[in-house]
Amino acid sequence: MWGYLVDHNWHIAFHSGMSSKSDLRAAVEERAPVGVVATLLNLSQQILVLPRYLDGGGAVFIDSGAFTAFQKGVEVDWAKVFSVYDTVLGHTERPEGVSIVAPDVIGDQAASLALWAEHAEKVQIWAQAGARVIVPLQRGGLSAGQMLDRAVRIFGTDRICAGIPSNLEAMSPEDCSTLRHHDFHILGRVRLTSELRLKLCALLQNNPAAQYTADANWLRSRIRQISGAAPAFREAGRHWPLDSTRTRAVREVLRCEAYSQLKKSTFPSQAFA
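What comes next concerns the included structure. (Residues numbered from 1 in each chain as written. Predicted model: local features only at pLDDT ≥ 70, side-chain atom pairs only at ≥ 80, totals over all residues. Heavy atoms only, no water.)

The number of helices and strands found in the chain is 11 helices and 8 strands. Summarising the internal contacts of the chain: among those between residues at least 6 apart in sequence, 73% fall at separations of at least 24. Carbon and sulfur atoms form 52% of the exposed surface of the chain, whose accessible area is close to 12900 Å². (Helix = DSSP H or I, 4+ residues; strand = E, 2+ residues; numbered from the N terminus. Contact = heavy atoms within 4.5 Å. Areas by Shrake-Rupley, 256 points an atom, 1.4 Å probe, with all protein chains shown as cover.)

Here it is, written out as structure tokens:
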């Protein structure tokens, strides 16, 4: 039986929700690992902002927007998503700093497998270019381990990252225990819930040396702090004409509440007892 993690030090925790011009500027200036949605990025962000940030050593997570599309009941424009991936990768000298999400269908394992087969060549190109391709493992007839094995066969490489849905319904600890891999990304959660702790314990038991990263919408729960900080910067705005009030407010809150500022602790020695 799995133990219980008190906390967890992610290799990288991405601050998702940073697609807007002002928010992305603040995150880049603070050197925070950023998370954006492909279809929300403008051309300048694709060919200048993100590539320059990557070239300077920054870490970037680009989501496909599949989960938002699922919530809204609309189709994902995969051609547009892939174009953004290709543009960013084509303009940086450091593609290894990019984590991109492979095409998938939320909650549908069979449809996700079909998408992988359809777009296998694109995934192979991104992986060969050095990008970290996150492959979301959806629940279905195959176990998570079997689906990951299928992904390796479809894409012809194990240089992919296993994407783990953060909620318990999408993948159980028992399913996590079937996985053997070197790279994992938790989709949509950075702070540990009781459910996520159990899933991480199951993963770590069989993959203690793997890389573990995560992303979550940092802005969503901090709108009040950002709105409260903004008035203090309006009068000072004339001193920084290139920065909007929003950029300065987000930057200030990031300095106090970036994921890197979260209290960290190591795994307890009895974590897997």
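Moving on, we get to unusual backbone geometry. Here R31, not a glycine, exhibits a phi torsion of approximately 60°, which is positive. Structurally, the position occupied by R31 is in the loop between helix 1 (21-29) and strand 2 (34-37). Relative accessible area serves as the criterion here: at 44%, R31 is assigned to the partly exposed category. (Buried < 20%, exposed > 50% of the residue type's maximum accessible area, 1.4 Å probe, protein only.)

Our focus in this paragraph is helix 11 (residues 245-257). Taking 1.5 Å per residue as the helical rise, helix 11 with its 13 residues ought to reach 18 Å, and the 18 Å between its terminal C-alpha atoms agrees with that figure. Looking only at helix 11, the buried set comprises T247, R248, A249, V250, R251, V253 and L254. (Expected span 1.5 Å × (residues − 1).)

What follows is about the packing of aromatic side chains. A complete count under the given rule lists 7 aromatic pairs for this structure. The interplanar angle of 80° and the centroid separation of 5.2 Å between the aromatic rings of Y85 and W126 together place this pair among those described as edge-to-face. Linking Y85 in helix 4 (residues 78-90) with W126 in helix 6 (residues 120-129), this pair joins segments that are 41 residues apart in sequence. What makes Y85 buried here is its relative accessible area of 0%. Its relative accessible area of 1% is what places W126 among the buried residues. Each member of the aromatic cluster is reached from another via a ring pair, and the members are W78, F82, Y85 and W126. (Phe/Tyr/Trp six-rings, centres within 6.5 Å; stacked < 30°, edge-to-face > 60°.)

Turning our eyes to something else, we now look at helix 7 (residues 144-155). Because an α-helix packs 3.6 residues into every turn, residues spaced three or four apart end up facing the same way. With 12 residues, helix 7 should cover 16 Å at 1.5 Å per step; its first-to-last C-alpha distance of 16 Å lies within 8% of that length. Residues of helix 7 that are buried sit in contact with helix 5 (109-118), helix 6, strand 5 (132-136), strand 6 (161-165) and helix 8 (173-176). Positive phi appears at G156, one or two residues downstream of helix 7, with a value of about 70°.

In this section: the nonpolar core. Ranked by size, the top nonpolar core spans 81 residues in total, and within it W10 and L137 carry the most contacts. Ranked by residues supplied to this core, first place goes to helix 4 with 7 residues. Excluding anything up to four places from it in sequence, L137 contacts W116, A144, M147, L148, A162, G163, I164, P165, M171 and L179. (Core = buried A, V, L, I, M, F, W, Y, C linked by side-chain atoms within 4.5 Å.)

This part is about the environment of S177. Residue position: S177 is located in the loop between helix 8 and strand 7 (183-187). Taking the C-alpha atoms as reference points, S177 and L200, separated by 23 residues in sequence, lie 9.4 Å from one another.

Function cannot be inferred from these measures alone, as they are strictly geometric.
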